[in-house]
Amino acid sequence: MTTLYINPAVQKGHINPELQGQFSEHLGRCIYEGLYVGEKSKIPNVKGMRKDVVDALKKIHVPVLRWPGGCFADEYHWKDGIGPKSTRKRMVNTHWGGVVEDNSFGTHEFMELCKQIGCKTYINGNVGSGTVQEMSEWYEYMTFEGESPMSKLREKNGHKAGWNVDYFGVGNESWGCGGNMRPVYYADLYRRYQTYVRDYRHDGHTRKIACGPNAGDFNWTKQLLATCYEGTPASAHGFMDGLSLHYYTLPGDWVGGKGSATEFDTAEYYHTVKKTLFMEDLIKGHGAIMDQYDPEKKIGLIIDEWGTWYDVEPGTNPGFLYQQNTMRDAVIAGINLNLFNKHCDRVKMANIAQMVNVLQAMILTDGDKMLLTPTYHVFDLYQKHQDAELVESVLVDNDQVGMGDDMVPRISESVSRMKDGKLLITLVNLSAEEEAPLTISLSGEKAGKAEGRVLAGNMDQKNTFKSKNAVKPAKLTGLTVKGDQIKVTLPACSVAEIVVTQ
Ligand code: AHR
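Rules used in this analysis
Residues numbered from 1 in each chain as written. Predicted model: local features only at pLDDT ≥ 70, side-chain atom pairs only at ≥ 80, totals over all residues. Heavy atoms only, no water. Near = heavy atom within 4 Å. Polar contact = N/O pair within 3.5 Å; in protein donor to acceptor, adjacent residues only side chain to side chain. Areas by Shrake-Rupley, 256 points an atom, 1.4 Å probe, with all protein chains shown as cover. Nonpolar A, V, L, I, M, F, W, Y, C, P; charged D, E, K, R; others polar. Domains from an automatic or database assignment. Contact = heavy atoms within 4.5 Å. Buried area = accessible area lost by both parts, 1.4 Å probe. Core = buried A, V, L, I, M, F, W, Y, C linked by side-chain atoms within 4.5 Å. Buried < 20%, exposed > 50% of the residue type's maximum accessible area, 1.4 Å probe, protein only. Disulfide = S-S within 2.5 Å. Helix = DSSP H or I, 4+ residues; strand = E, 2+ residues; numbered from the N terminus. Salt bridge = Lys/Arg side-chain N within 4 Å of Asp/Glu carboxyl O.

Quick word on the site of the ligand
Phase 1 of the analysis: Around the ligand, 13 residues are found, and the nearest of them are Glu-25, Cys-71, Glu-173, Tyr-248 and Glu-305.
Phase 2 of the analysis: Within the side chain of Tyr-248, an N or O atom sits 2.7 Å from an oxygen atom of the ligand.
Phase 3 of the analysis: Between the ligand and Gln-354, the relevant distance is 3.0 Å, taken from an oxygen atom to a side-chain nitrogen or oxygen of the residue.
Phase 4 of the analysis: Protein contact buries 93% of the 280 Å² of open area that the ligand shows by itself.
Phase 5 of the analysis: Here the shell around the ligand is composed, by residue class, of 7 nonpolar, 3 polar and 3 charged.

Quick look at the structure:
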């Protein structure tokens, strides 16, 4: 039987709340319809933001939101999205579905959305088709509080005070949709563009993020860091605070078909789960290269796009990337969030793609209706890890489950000491068919009381607009505590949280 050994006395690092961050792009029905319906909509809203969606997001304490893309970011010209809405430019969203982008959601609306959610802001600037001046002025517009052309413009548009830009990305996927650049060329551009993202307030509140690699492109990381460390150490505060990494889980591939979100067999389930585990190799690999330049780990690995990517739901616009969400997605979310916790010494932020109606979403909407996906519930179960301290833990006798070449460990876990002193254990049973008995040992420390919640179901179970609560967390039953040991049996294909009060 599998045992989870926890050493509560050994703390391994701080879990940034931002590990549970989100991403919202001008893509399909994420921003428009999903988050923003406009003030005149019949759908209940506050200043145009959907009330039902914002309320649900507040419950999981979204720590940070990335915007406006993604690929959209490198074609976004921020001045199109400010000023009276009637005069804002109507244009084509070339990347995503060729639909009209009316720019009714721009900088002011994004800041308002983050205020309503109560989260930090992560703005992604345009390097691919934007100038240094444009990026510099956007940052000035958002943050500068003295007298300048951009601060006056902001005031004219109704916002006298500057906003906090907690994170600023200098380009997105510059190796692909953001300009098809080579790493050294991009690195030079990074050095140049970031120079003009000026710390007007002299408070260093903005963390600057360089565009990092696509999945296993270790050469990109190496060349980028080598170039950015020439002369000026990139880890010097204010030059580079983060390096992004994008990795999506596809059951299939980009060319031959990604696979269905809902119609899959057990073999495909395990194949998808196995591909998810590659995330750990990526964190270790890119982390090792970063260690060569930044052994003190001042630069965070920022996994600002992750999640599952399937074929779109039949009958929907292929450019909208709308997909359903099942217990398979819940398992994948649980595994990834555990991995981010385990590597919190280097991973400082992660943003699932995307928040509403796109890819591995928290929330799906249909007109005035909305539902919470299994992935939303995983973020709910894990939310108390935010701002906690990672605790040493290791699984032994964690046998493999799966099929053929796609064998995976039965259980995934991470453990933290929360601010209130209690322990939070999050667990995933990766087996699609078998329950997983587990002994948890607190290495001599009394366990006291343990209670928990679990999200479980068949691997393809999902919530639909007809059956919104088919998958939802329930009390985790059968927990027994004796001395320093807790015993529990995790249902097949499940994600659980256990809170231990010692
Ligand atoms: O999240 C969808 C797209 O995936 C983003 O726009 C892009 O950065 C990535 O390729």
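Describing the domain arrangement of the protein chain
Phase 1 of the analysis: Domain annotation of the protein chain identifies domain 1 (2-8 + 390-501) and domain 2 (16-387).
Phase 2 of the analysis: For domain 1 and domain 2, the distance between their C-alpha centres works out to 29 Å.
Phase 3 of the analysis: Across the boundary between the two partners, domain 1 contributes 48 residues, which contact 42 residues of domain 2.
Phase 4 of the analysis: For the pair domain 1 and domain 2, the summed buried surface comes to about 3700 Å²; carbon and sulfur atoms form 65% of the total.

Observations regarding the nonpolar core
Phase 1 of the analysis: Core analysis: the biggest nonpolar cluster contains 118 residues, and Ile-303, Trp-306 and Phe-340 have the highest contact counts within it.
Phase 2 of the analysis: Counting the residues that make up this core, at least three belong to each of domain 1 (2-8 + 390-501) and domain 2 (16-387).
Phase 3 of the analysis: Discounting residues that sit within four places of it in the chain, Phe-340 has contacts with Leu-19, Met-279, Ile-283, Ile-303, Trp-306, Val-347 and Ala-350.
Phase 4 of the analysis: The next biggest cluster of nonpolar side chains, apart from the first, holds 24 residues, and it includes Ile-6, Ile-411, Val-488 and Ile-498.

Section: the state of the cysteines
Phase 1 of the analysis: Applying the stated rule across the entire model yields 1 disulfide.
Phase 2 of the analysis: A disulfide bridge connects Cys-71 with Cys-177, and the sulfur atoms are separated by 2.2 Å. Between Cys-71 and Cys-177 the disulfide shows an S-S torsion of about -95°. By sign, it is left-handed. Separated by 106 residues along the polypeptide, Cys-71 in the loop between strand S5 (64-67) and strand S6 (91-92) and Cys-177 in the loop between strand S9 (167-170) and helix H5 (183-195) bring together distant segments of the chain.
Phase 3 of the analysis: Taking relative accessible area as the criterion, Cys-177 reaches 27% and is therefore assigned partly exposed.
Phase 4 of the analysis: Cysteine Cys-228 is unpaired, with the sulfur of Cys-211 as its nearest cysteine sulfur at 11 Å.
Phase 5 of the analysis: Of the residues examined, Cys-228 reaches a relative accessible area of 0% and is grouped as buried.

Concerning the pattern of salt bridges
Phase 1 of the analysis: If you walk through the whole model with that rule in mind, you get 28 salt bridges.
Phase 2 of the analysis: In this structure, Lys-89 engages Asp-80 in a salt bridge whose closest nitrogen and oxygen atoms are separated by 3.4 Å.
Phase 3 of the analysis: When the shortest N-O distance is used, the salt bridge between Glu-497 and Lys-384 registers 3.1 Å. Here Glu-497, found in strand S26 (residues 494-501), pairs with Lys-384, found in the loop between helix H9 (374-382) and strand S16 (389-396); they are 113 residues apart in sequence, far enough to count as distant.
Phase 4 of the analysis: Sharing partners across several salt bridges, the network here consists of Asp-291, Asp-294, Lys-297, Asp-345 and Arg-346.

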